[in-house]
Amino acid sequence: MRRARGTLLIWAFLAPSLTIFLLYRILPLLWNAALSVQTWSPFRPSKFAGLIHYEELLFHDEVFWTSLWNTVVFMSSSPIAIALALGLALLVDTRIRGRGVYRAIIFLSYPLMTVAVGIIWRWLYDEKVGLLNYVLLSLHLTQRRIAFLDSYEWAMPSVVVAAVWQIVGFFMVILLAGLQNIPPNLQEAAALDGASGVQRFRHITLPLLRPAIFLCLMIGIINSFTSFDLIYVMTGGGPNYATEVLITYIYRVAFVLSKFDYAAALTVVLFLFLLVLTWLANRVAGGEAGAVDAAE
Amino acid sequence: MRPSRAASVHAALIAVSMVMLVPFYWVLKTSLTGENIFQYPPALLPRAIHPFYYVDVWYYIPFVRYLANSVIVSAIVVASNLVCNALAAYALTLRFRGQRAIIGLLLSCMLIPFQATIIPAYLITKELHLLNSHLGLALPLGSTIVCIFVFKASFDAIPRSLIDAARIDGLPEWRIIRHVMLPLSTSAVATTVILSFIWSWNSFLWPLIVIRNPELQTLPLGLSTFLSYMENTTGALYAFCIMVLVPGIALFLLEQRRFIEGLTSGATKG
Amino acid sequence: MRRTLTRIVIGLLALGLLTGPVAAQPKTLSLLTWNIPIYKEKIEGWIADFKKIHPDVTVEWFDKKGPEWGPFYQTQVVAGTAPDIIDTQGAIWLDYASNGGLVDLTPHLQRDAAVKDYYNPKFLQTWVYEGKNYMVPFYVSKTLLFYNKGMLKEAGIARPPQTFDELLDAARKMTKGEKSGFMTLNFDWLYWPLLAMNGVELLTPDLKKAAFNTPAAVKTVDALAKATADGTINKVAWTGRWVEPNNAFASGTVGLYQAHAPAFFYVRGGGPWINGDTLGATQMPGGFATPNSHGLGISKSSKHPELAWEFIKLATNEKWAYTFGKNFKLFTGTRVDGRLMDELQKEDPLAASVMKTQLEQVDKLVATWPLGKDAQVKEAFYSEFQAAVLGRKPAAAALAEAERKVNRLLAR
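The residue numbers shown here count from 1 along each chain, following its written sequence. For this description, chains carry letters from A and ligands carry numbers from 1, given in the order in which they are written. Local features in a predicted model are, by the rule used here, given only for residues with pLDDT of at least 70; side-chain atom pairs are given and counted only at 80 or more, and totals for whole chains, interfaces and linings are based on all residues. The basis for every side-chain value is the complete set of non-hydrogen atoms in the structure, without hydrogens or water.

For the rest of this paragraph, the subject is the overall build of chain C. Counting secondary structure elements, chain C contains 20 helices and 11 strands. A compact globule built from 412 residues would reach a C-alpha radius of gyration of about 22 Å, and chain C, at 24 Å, matches this within 12%. Dimensions of chain C, computed from C-alpha atoms along their principal axes, come out at roughly 70 × 55 × 55 Å. Residue burial in chain C is summarised as follows: out of 412 residues, 58% are buried. When the accessible surface of chain C is summed, it comes to about 16100 Å², and 57% of that surface belongs to carbon and sulfur atoms. Charge counting treats Lys and Arg as positive and Asp and Glu as negative, with His and both chain ends excluded. Note on charges: their place is set at NZ of Lys, CZ of Arg, CG of Asp or CD of Glu. Separation between the mean location of the 48 positive side-chain charges and that of the 41 negative ones in chain C comes to 4 Å. Helical segments are the DSSP runs of H or I of at least four residues, strand segments are the runs of E of at least two, and each set is numbered from the N terminus. Between the two quantities, the radius of gyration covers C-alpha atoms and the globule rule is 2.2 Å times the number of residues to the power 0.38. We call a residue buried when its accessible area falls under 20% of the maximum for its residue type, exposed when it is over 50%, and partly exposed in between, using a 1.4 Å probe and counting protein chains only. Each accessible area is a Shrake-Rupley result for a 1.4 Å probe, and residues are judged covered by the shown protein chains and nothing else.

All names here are of chain A. What a helix is expected to span follows from its residue count: subtract one and scale by 1.5 Å. For helix α8 (residues 152-180), built from 29 residues, the straight-helix expectation of 42 Å at 1.5 Å per residue is met to within 8% by its first-to-last C-alpha distance of 42 Å. Of all the bends in α8, the greatest measures close to 40 degrees and is centred on Ile-167. Buried residues dominate α8, accounting for 24 of its 29 residues. The quantity called bend is, for any residue, the angle between two axes fitted respectively to the seven residues ending at it and the seven beginning at it.

So, about the interface of chain A and chain B. Whether two residues are in contact is decided by their heavy atoms, any of which lying within 4.5 Å being enough. Each partner contributes residues to the interface: chain A has 83 residues there, and chain B has 98 residues. As a working definition, buried area equals the accessible area (1.4 Å probe) given up by two parts on being put together, with both sides summed. The junction of chain A with chain B conceals about 8500 Å² of combined surface from both sides, 80% of it contributed by carbon and sulfur atoms. Among the residues of chain A in contact with chain B, Phe-13, Tyr-24 and Met-113 of chain A are the three that bury the most area, contributing 10% of the side total. Whenever Lys or Arg places a side-chain nitrogen within 4 Å of a carboxyl oxygen from Asp or Glu, that contact is recorded as a salt bridge. Applying the counting criterion to the chain A and chain B interface returns 0 salt bridges. Any pair of N or O atoms that falls within 3.5 Å is considered a polar contact. Within protein, one atom must be able to donate a hydrogen and the other to accept it, and sequence-neighbouring residues count only if both atoms are side-chain atoms. Our count for the chain A to chain B interface comes out at 9 residue pairs in polar contact (both at pLDDT 80 or more). The biggest single contributor to the side of chain A that touches chain B is helix α1 (residues 2-35) of chain A, with 20 residues. Its residues assigned to classes, the side of chain A that touches chain B comprises 64 nonpolar, 9 polar and 10 charged. Throughout this entry, Asp, Glu, Lys and Arg are counted as charged residues, while Ala, Val, Leu, Ile, Met, Phe, Trp, Tyr, Cys and Pro are counted as nonpolar. The remaining residues, Gly among them, count as polar.

Buriedness of a pocket was judged along seven lines, with at least five required to meet protein on both sides within 12 Å; pockets are open sets of points on a 1 Å grid over the protein atoms alone, cavities are sets where a 1.4 Å probe fits but cannot get out, and lining residues have an atom within 4 Å of a point. Grid points are joined across faces, edges and corners, and a volume is the space filled by probe spheres set on the points. Considering all chains together, one arrives at 11 cavities of 30 Å³ or more under this definition. Roughly 120 Å³ of internal volume is contained in the second largest cavity. The wall of the second largest cavity is formed by 17 residues, among which Asn-32, Ala-254 and Phe-260 of chain A together with Gln-115 and Ala-116 of chain B lie closest to the centre.

Moving on, we come to the side chain of Asp-374 of chain C. Residue and element names in this part refer to chain C. Mapping Asp-374 onto the fold places it in helix α19 (residues 374-389). Using a relative accessible area of 4% as the deciding quantity, one classes Asp-374 as buried. Asp-374 has contacts with Ala-91, Leu-94, Trp-189 and Trp-369, leaving out every residue within four places of it along the chain.

As a further point, take the sheet that holds strand β10 (residues 279-282) of chain C. Residue and element names in this part refer to chain C. Two strands pair if DSSP finds at least two bridges between them. What the 4 strands build is an open sheet, ordered β8-β9-β7-β10; its pairing is mixed. Either end of the sheet is taken by a strand with one partner, and the two such strands are β8 (180-184) and β10. In this sheet, adjacent strand axes meet at a mean angle of 20 degrees when their direction is disregarded. Pairing of strand β7 (residues 143-148) with β10 involves 4 bridges; the strand directions are antiparallel. Counted as the bridge partner of Phe-146 is Ala-281 from β10. Only C-alpha atoms enter the line fits that serve as axes; for helices the fit covers just the stretch in contact. Angles between N-to-C directions range over 0 to 180 degrees. Contacts from helix α18 (residues 349-359) reach β7 and β10, with the element oriented near 20 degrees to β10.

One way to put it is that helix α6 (residues 114-125) of chain A packs onto helix α1 (residues 3-33) of chain B with a least axis distance of 10 Å and a crossing angle of 105 degrees. Overall, the two elements α6 of chain A and α1 of chain B adopt an arrangement that is roughly perpendicular. Contact residues: α6 of chain A offers Ile-120, Trp-121, Trp-123 and Leu-124 of chain A, while α1 of chain B offers Pro-23, Trp-26 and Val-27 of chain B. Any angle from 65 to 115 degrees is called roughly perpendicular, while one under 35 is roughly parallel, one over 145 is roughly antiparallel, and all others are oblique.

On to the environment of Tyr-39 of chain C. Residues and elements named next belong to chain C. Locating Tyr-39 in the fold gives a position in the loop between β1 (28-34) and α2 (40-53). Given a relative accessible area of 1%, Tyr-39 falls into the buried group. Here the alpha-carbon distance between Tyr-39 and Phe-324, two residues 285 residues apart in the chain, equals 8.5 Å. Setting aside residues up to four positions removed in sequence, Tyr-39 forms contacts with Trp-46, Trp-320, Thr-323, Phe-324, Asn-327 and Phe-328.

Time to look at α6 of chain A. Residue and element names in this part refer to chain A. Taking 1.5 Å as the rise per residue, α6 with 12 residues should run 16 Å; its terminal C-alpha atoms sit 16 Å apart, in good agreement. Burial of α6 is extensive: 10 of the 12 residues sit out of reach of the surface. Every buried residue belonging to α6 is among Thr-114, Ala-116, Val-117, Gly-118, Ile-120, Trp-121, Arg-122, Trp-123, Leu-124 and Tyr-125, and all of these are buried.

Our next topic: the pairing of strand β11 (residues 294-298) of chain C. Residue and element names in this part refer to chain C. Burial of β11 is extensive: 5 of the 5 residues sit out of reach of the surface. Burial along β11 is two-sided: the face carrying His-294, Leu-296 and Ile-298 and the face carrying Gly-295 and Gly-297 are both buried. Pairing analysis gives 3 bridges linking strand β6 (residues 136-139) to β11, with the strands arranged antiparallel. Bridge assignment links Tyr-139 to a residue of β11, and that residue is His-294.

Another aspect to go through is the state of the cysteines. All names here are of chain B. Pairs of cysteine sulfur atoms within 2.5 Å are identified as disulfides in what follows. Summed over all chains, the structure comprises 0 disulfides over all chains. Cys-84 provides the cysteine sulfur closest to Cys-147, a residue in no disulfide bond, and the two sulfurs are 11 Å apart. Judged by relative accessible area, which is 0%, Cys-147 ranks as buried.

Our next topic: unusual backbone geometry. We note that Tyr-241 of chain A has phi near 65 degrees; this positive angle belongs to a residue other than glycine. Looking at the element boundaries, Tyr-241 of chain A is found in the loop between α11 (228-234) and α12 (246-255). Phi is positive for Lys-329 of chain C, close to 55 degrees, though the residue is something other than glycine. With respect to the element layout, Lys-329 of chain C can be found in the loop between α16 (318-328) and α17 (337-347).

As a further point, take the packing of helix α9 (residues 164-174) of chain C against helix α11 (residues 215-229) of chain C. Residues and elements named next belong to chain C. At a closest axis distance of 11 Å, the pairing of α9 and α11 adopts a crossing angle of 5 degrees. With respect to each other, α9 and α11 are oriented roughly parallel. Side by side, α9 and α11 meet where Phe-164, Leu-168 and Arg-172 of the first sit next to Thr-220, Ala-223, Leu-224 and Ala-227 of the second. Partitioned by chemical class, the residues of the contact of α9 with α11 number 5 nonpolar, 1 polar and 1 charged.

Residue and element names in this part refer to chain C. Between the rings of Phe, Tyr and Trp (Trp by its six-membered ring), a pair exists once the centres lie within 6.5 Å; its type follows the angle of the planes, with under 30 degrees stacked, over 60 edge-to-face, and the other angles tilted. Under the criterion given, the structure shown has 60 aromatic pairs over all chains. Here Tyr-191 and Phe-385 contribute two aromatic rings whose centre-to-centre distance is 5.0 Å and whose plane-to-plane angle is 20 degrees, an arrangement assigned as stacked. Taken together, the residues Tyr-191 in the loop between β8 and α10 (192-196) and Phe-385 in helix α19 connect sequence positions 194 residues apart. Here the two residues Tyr-191 and Phe-385 agree in accessibility, since each one is buried. Of the aromatic side chains, those joined through ring pairs into one cluster are Trp-189, Tyr-191, Trp-192, Phe-212, Trp-238, Trp-369, Phe-381, Tyr-382 and Phe-385. Charge over a ring is defined by NZ of Lys or CZ of Arg lying within 6 Å of the ring centre and within 35 degrees of the ring normal. It is Arg-339 that lies over the ring of Tyr-322; its NZ or CZ is 4.0 Å from the centre.

Residues and elements named next belong to chain C. The sheet built from 5 strands is open, its strands ordered β2-β1-β3-β11-β6 with mixed pairing. The sheet is open, and its two edges are formed by β2 (58-64) and β6, each paired on a single side. For this sheet, the mean inter-axis angle between neighbouring strands, taken without regard to orientation, is 25 degrees. Direction of pairing for β1 relative to strand β3 (residues 85-89): parallel, over a ladder of 2 bridges. Note that in β3 the partner of Leu-31 across the bridge is Ile-85. With respect to the sheet, helix α3 (residues 66-79) is in contact with β1, β2 and β3, its orientation differing from that of β1 by roughly 145 degrees. Each of β1, β2, β3, β6 and β11 touches helix α15 (residues 305-315); the most contacted strand, β11, lies at about 155 degrees to it.

Note that patches include only residues with greater than 30% relative accessible area and no salt bridge, and the join distances are 9 Å for like charges and 5 Å for nonpolar side chains (Val, Leu, Ile, Met, Phe, Trp, Tyr). A contiguous nonpolar surface patch, about 470 Å² in accessible area, is contributed by Phe-52, Val-55, Tyr-59 and Tyr-60 of chain B. Within the fold, Val-55 of chain B resides in helix α2 (residues 52-60).

Turning to the environment of Val-164 of chain A, a few remarks are in order. All names here are of chain A. Tracing the sequence through the fold places Val-164 in helix α8. Residue classification places Val-164 among the buried residues on the basis of a relative accessible area of 9%. Through-space distance from the C-alpha of Val-164 to that of Ala-81 is 5.3 Å; in sequence the pair is 83 residues apart.

Turning to the side chain of Thr-239 of chain C, a few remarks are in order. Take Thr-239 of chain C: it is sitting in helix α12 (residues 236-239). In terms of polar contacts, Thr-239 of chain C uses its side chain to reach the side chain of Asp-150 of chain A, at 3.0 Å. Beyond its immediate stretch of four places on either side in the chain, Thr-239 of chain C contacts Arg-122, Asp-150 and Pro-239 of chain A together with Asn-186, Gln-386 and Leu-390 of chain C.

Have a look at this one:
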C-alpha cells in the first residue's frame, strides 16, 4: 500500500507541470499534426488532403531546405558559445579581485530584450554607417566596407555572432557554478600526483562539468527558438533567405502568407527533425540524456 | 597567484568586458542623446545629453501600469515555476515505472517551438476562459523543462542518507522537499527564478495575441505602442529598453549572491 | 518560507482571476486599426458620435503595428472573434476577401448612392475583387520620387529624370563615397514602377500565368543589378524594410528615393536639412505609381454588419475625413481631398508639393492585380528578383525561376 501511495504521490507531483505541457505544448503539436494533413483556411471549412503539404515541402520547396540547413548552422552557435563561456568561466574562476564585477558585466547581455539586441547589432553591422565597418576601416584591417547583413556570405555568421554575444554571459554563469561545485581537494590531490593543468582539466574538470554543459546545450536549443526575435529583427530572414531558419519560415508562412496548413506541416517536420537530432546527440554524448546522474 | 598571471587574466577579462559592453554603451548613449544612429561617422562620445526620452517613456504611455502588469505576470510565472518544477523534479528523482518515458517526453516537449503553437494555445486559453487575464498570460510559461532538470540535478546531488533519515522521522514527502531538498538547492532556486523571470519579462508574442484590453498590456507590448508615438527616434526605443532591462539586471545582481552562497555552502558530495 | 510562498501564490492567483475577462455586453462593435495609436482622441470622437446615433452599442478599439497586425487579426479570426471593422494596408485585404473573410460592400454602396459618389472612384476601384467592392478608402497614398536637390545640383543634373535610363544615369552621377544615387522601398510591390516603366507586365490579363519573363524585363533587372553592384543603387533598397531606407534618405546621402507619401513625414522628422529648397517631389518616370492605401472593411464573422457599415460611414464622413486629413496631412480618397489640398498649400507648402503627387496621374496606378494569392506571388517573385539585383543570380535565370514558381502557385 505504501508503494501505491508512493506512485500516486509521484504522479500528483508531476501533474502540475505535465498539465501545463499538455495544454501548451503537446496539444498544440497534435493540433498542428492534424492540420498538416488538411487544406484549411480560417474562413472555409477544412478538407482532408493527405500528405500534399509534406510532398510540397520535401520536393518543391527549396526555401524549406535552405531554412533547414540554416537552422543547423544557427544551432552551431550553441557549442561555440559554450566553448567561449567555458574559457571565460575558467578565467573568472581564478582568484583575482573584482570577479563579481566581471561576472555581472558579462551576464548583462542576456536580460536585454531581444528586440533591442537585434536593432543595436543591426546598426553595428551596417555597411555604410555601422560601427564595425568604421573600426575596421580606421584600423586599416580592410580596404572596402563589408556588407555584413546584406551579403549572402556574411549574413548568417553575423547573426550567429550576435546570438553568441547574447547568450555567452548566461552560459558562463552556469559553467561558473559548475566549476565552483568541483571539490578543490580533487584538484589538489591530482596535482600532488603530478598531473599537469591540461590533464587535470580533461580528466577531472570536464567530466564533472558534464551536467552543466548539458544544461547549457538544452538552453541553447531553446534559445535558438527564442532567437526567432533576433533573426527577425536583424535580417527578416534575408537577404534572399540566407538567414531564414525554419522557425522564421514557419512564422512567415503562417502569418504573412496565411497558409496555416502548410505551416503546420513545417512545424511537424521541424519537431521530428529536432527529435532525431537530439536523439543522435544523446547517443554521441554516451547514453543517459538526463546526464544528471552525477559523474561517477 | 603570481602578479603577472593575474595581470594577463585581468587583461583578457577587460577585453571581453569591453566587447560585451560596447552595444550597451551605444544603447545608453543613444537613449540619452537621441542622435540619428544612421549618421556617419558614428559619434563616439555623447553630445547634448538630455534625459527627455526617459521622461517621454513615462509620459506618453502608462508606463507604471504596464510595469505593474509585467510584475504581476512575472511573479505568477516565477512562483508557479518554483512550485511546479520542484515538485516534478522531486518526483523524477524517485524510481518508478515510466520515469525514463517521462524524462523522454519532457525533453521532446522542449523541442516544440512556441511560435508554431500560438494559435492552438490561444484557442485553449479561450476554452479555459483565461483570455485577457494575468493568469492566462502566465500559464504557458508556468513550468519550464530546463528548470525541472536543474532542480533534478540539484536534488540528485543530495545524499540519500539525509532523505532517508527524514523519511524515517516520519516527514511527509512535501515537507521533505521543503525542509530538506530546497534549502540545499539554493543555486537551482536562483537559476529558476532568474530564468523564468527573464523569459516571462521579455515575452512579447503571447501577450500580443492574448490581451485585448489595453489596461492589461505588459511592458514589451507597451514598447510597441510607445514606438508608434515616437516612430523614428531610436533614442526613445533605447530609453524604453533600458527601463525594461533594469529589473532583470537588478534581480540577477540580487540573486547572484545567493547563487554563490548556495554553491559554496551546499552539501558537498564525498 | 513555504507558507509565505503559498500565501503569495494564492494572492497572485486571486489577483489573476480577478482580472479575468469582462462579460461581453450585448451589441459590441470592435475596431482594429493599423498603427495609429497617436490618433486616440479622434477615434474616441468617432465613438462618441456613434454613440449619439446608437446609444445601445459599445465600441471597442484596438490598434496594432504593421508586423503585429497580421498575427493578431488572424488569431482572432481562427477563434471566431474577429474585430468587426478592420483597417488594412496595401493588398492584405485580398487574402481575406478571396477566402470569403470580408463582407461584400457593393450592395451597401449601391443602396447609399450618395455615399458611393463621395468616395473617389479611382481609389475605390483598388478594393474590388471579382467584381465586388470589399472596402472603402480610409487614407490613400501612392509612390512618388523624392529627390535631394542639393545632390542633384552638385552632380550637374538640371531636372529630375524623365525616363528609366535618365534615372540610372542621374543616379550614377550622384554616387560617390558614402552617397548613392537611387533607393526605393520594396514592400508591397512598391518597387514595381521601375518595371512598369519598361513595359513589364506581371501576369497575363486573365491573371492565370506569369508574363514577366521577357527580354525587356531581363534587360531592366540586369541594369538594376549592375547599378546595385557599383553602389549607384543603395543596397538597402532591396534589403531594407521601412525604417532603414527612410533613415538613409533622412541622413542626406541618397539622391533619388522612390517611396510613398507617408515616408515624407518620417523623413522630415529625421532630416533637419529638409526644406522647400532642398527637397523635391515629383512623379516617377512615366507617372507610374504603386498605391499603398488603407481601407476600412467588415469581417465576415461580424455579428452586426449593418451597424459596422454605419460606423464606417461615420468614420469616413466629411467631418472625420477632413479631421484625419488635417491631422496627418494625408488624403482620404474622398470628396474632402480637394479642400485638404487647398489648405495644405497655404499652411505647409513643402508637404503640399509632396501631396500634390498623390492626386495626380491616378490612372497610372500599377501593381493593383486582384490576386487572391497576392502575398504568395509577391514573395515568390521578390525572392528571385532580390537574388538577381543583389548579384546572386543572373537576371535571366532569376526571372525564369520566378516564372516557374509563380505559374506553379497560380495553377494550384
